[in-house]
Amino acid sequence: MAVSRARMRKEVPNTARERIDIRLRPQQKASIERAAYLKGLTVTDFIVQHALENAQRTIREHETWTLEQPDAELFAEALMNPSSLGLRLANAVRRHKGSQLHR
Amino acid sequence: MRAKDKQDYFFEPLGEQHDRAAFSCGVEALDSYFRGDTIRQDVGRKTANAFVLTRDGKSVAGFYTLSPISILSVDLPVRLAKKLPNRPIGATLLGRMAVTRAYQGQRLGELLLTDALHKAWQASKLVSSWAVVADPKTGAREFYIKYEFIPLVTQPNRLFLPMKKVDLMFG
C-alpha cells in the first residue's frame, strides 16, 4: 500500500502551477519586498505563505462558529428551551406536507 | 400560483443534467456560485450537498446547500455549561439558498427553506445536530427572521434555529 502510494506520487508529480496577477500601489509592493527580504523569502513565497495562512484561517472560521457572551448564553438557552412553534413555520410545514415533497 | 400547482415541483440532488447556466436570482455572488465551478467543487469534495427544485428535472427554479458546521461556545455560565458538551457541537449550515428570477414571488423560498429544514432534521436523527444555522450575505436576513431564526447579537448576519424547534415541525 505504502509502496504503491509512493509510486503513484512519483508518477504524478504535483507540478501544476497557476498564476495570479495582482495590481497594487508602489508603496505596498515596496513594503512587501522589504518584508520578504527580511524573512529571507522570495516575494512570491512570502505572498503565498501569508495569503494561504489567512485563507486557511478564514475557512476554519467559516466552518466553526465561536460564540462568546452574550451569544453563547443566547444560543445555549434557545437550544435547551426553544420557544414554541410560531404560525409561520407551522404553516410552512403544513404546506410542505401538502405539496407531496415531504418524503 | 395555487398550492396545487406546487405538486409539479420536486427536489433532487444537483447533477450534471441541471441547467445551471440559466440560473439568475439577481444576487451576483449567489449566481456566480451556482453557475460557476464552485458549487461543483463543493459537492465533488463533499464539503456541501446541493439540492435543486425543479419541475422537469432540468431547469432549476431554486437551490440550497447543506453542510456540517461546528459551534463552540465559550464562557458559558455553569448552569448551561453542565448541559452542553464542553467542545464544539455539531450543527447544519444552510449555506446558500436562492430562487431564480422567473420563479420569484411564488413562496418558493419558503418551500426551499422547509425542505432544507426537513432534510437537516432527518440527518440529525443519524448524526447529532443541535441547530440549523445560516449566514446570509445579502438582505436575506429578514427572510430567516420571519421564519423564526434567531440572530446572534455580536454577529447579526449569523442566525440559528434550534433543532428542537425543527423537531416540533416534523416530529
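It should be emphasised that the depicted structure is a prediction, and the values quoted were computed from it without experimental measurement.

**A look at the overall build of chain B**
Looking only at helices and strands, chain B features six helices and seven strands. A compact globule built from 171 residues would reach a C-alpha radius of gyration of about 16 Å, and chain B, at 17 Å, matches this within 12%. Across the 171 residues of chain B, 36% fall into the buried class.

**Overview of the pairing of strand β5 (residues 131-134) of chain B**
Residue and element names in this part refer to chain B. Residue alternation in β5 divides its side chains into two sets, Ala 131 and Val 133 and Val 132 and Ala 134, and both sets are buried. You can see the chain leave strand β4 (residues 89-99), run along helix α4 (residues 108-124) and come back into β5, and the turn it takes is right-handed. Strand direction decides the pairing type here: β5 and strand β7 (residues 159-162), joined by four bridges, are antiparallel. Residue pairing for β7: Ala 134 is matched across the bridge by Leu 159.

**Quick word on the interface of chain A and chain B**
Taken together, the contact pairs 32 residues of chain A with 41 residues of chain B. Taken together, the elements giving at least two residues each to the side of chain A that touches chain B come down to β1 (64-67), α4 (71-80) and α5 (87-98) of chain A. With 10 residues, α4 of chain A is the largest single contributor of residues to the side of chain A that touches chain B. Counted by class, the side of chain A that touches chain B contains 16 nonpolar, nine polar and seven charged residues. As paired elements, β1 of chain A and strand β3 (residues 60-73) of chain B share four bridges and run parallel to each other. By the bridge assignment for β3 of chain B, Thr 66 of chain A is matched with Leu 72 of chain B.

**A few points about the pairing of strand β2 (residues 49-54) of chain B**
The side chains of a regular strand alternate between the sheet's two faces. Residue and element names in this part refer to chain B. Pairing of strand β1 (residues 10-13) with β2, which is carried by four bridges, proceeds in the antiparallel orientation. Across the sheet, Phe 10 pairs through a bridge with Thr 54, a residue of β2. The antiparallel hairpin formed by β2 and β3 contains five residues in its connecting segment, where Gly 57 sits at a positive phi of about 80 degrees.

Cut-offs and rules
Sequence order as written defines the numbering, with residues in each chain counted from 1. For naming, the first written chain is A and the first written ligand is 1, with later ones following in the order written. Where totals are concerned, whole chains, interfaces and linings use all residues; where local detail is concerned, this predicted model gives features only for residues with pLDDT of at least 70, and gives and counts side-chain atom pairs only at 80 or more. Under the scheme used here, helices are H or I runs from DSSP no shorter than 4 residues and strands are E runs no shorter than 2 residues, and both carry numbers assigned from the N terminus. Atoms considered for the radius of gyration are the C-alpha atoms alone. The globule rule reads 2.2 Å times the number of residues to the power 0.38. Here a residue counts as buried when 20 or more other C-beta atoms fall within 10 Å of its C-beta, as exposed when 12 or fewer do, and as partly exposed in between; the C-beta atoms come from the backbone. Crossovers are marked right-handed if the path from the first strand over the helix to the second runs clockwise, as seen with the strands pointing away from the viewer. By definition, two strands form a pair when at least two bridges between them are found by DSSP. Once C-beta atoms have been placed from the backbone, residue pairs whose C-beta atoms lie within 7 Å are recorded as contacts. Classification convention: Asp, Glu, Lys, Arg as charged; Ala, Val, Leu, Ile, Met, Phe, Trp, Tyr, Cys, Pro as nonpolar; all other residues, Gly among them, as polar.

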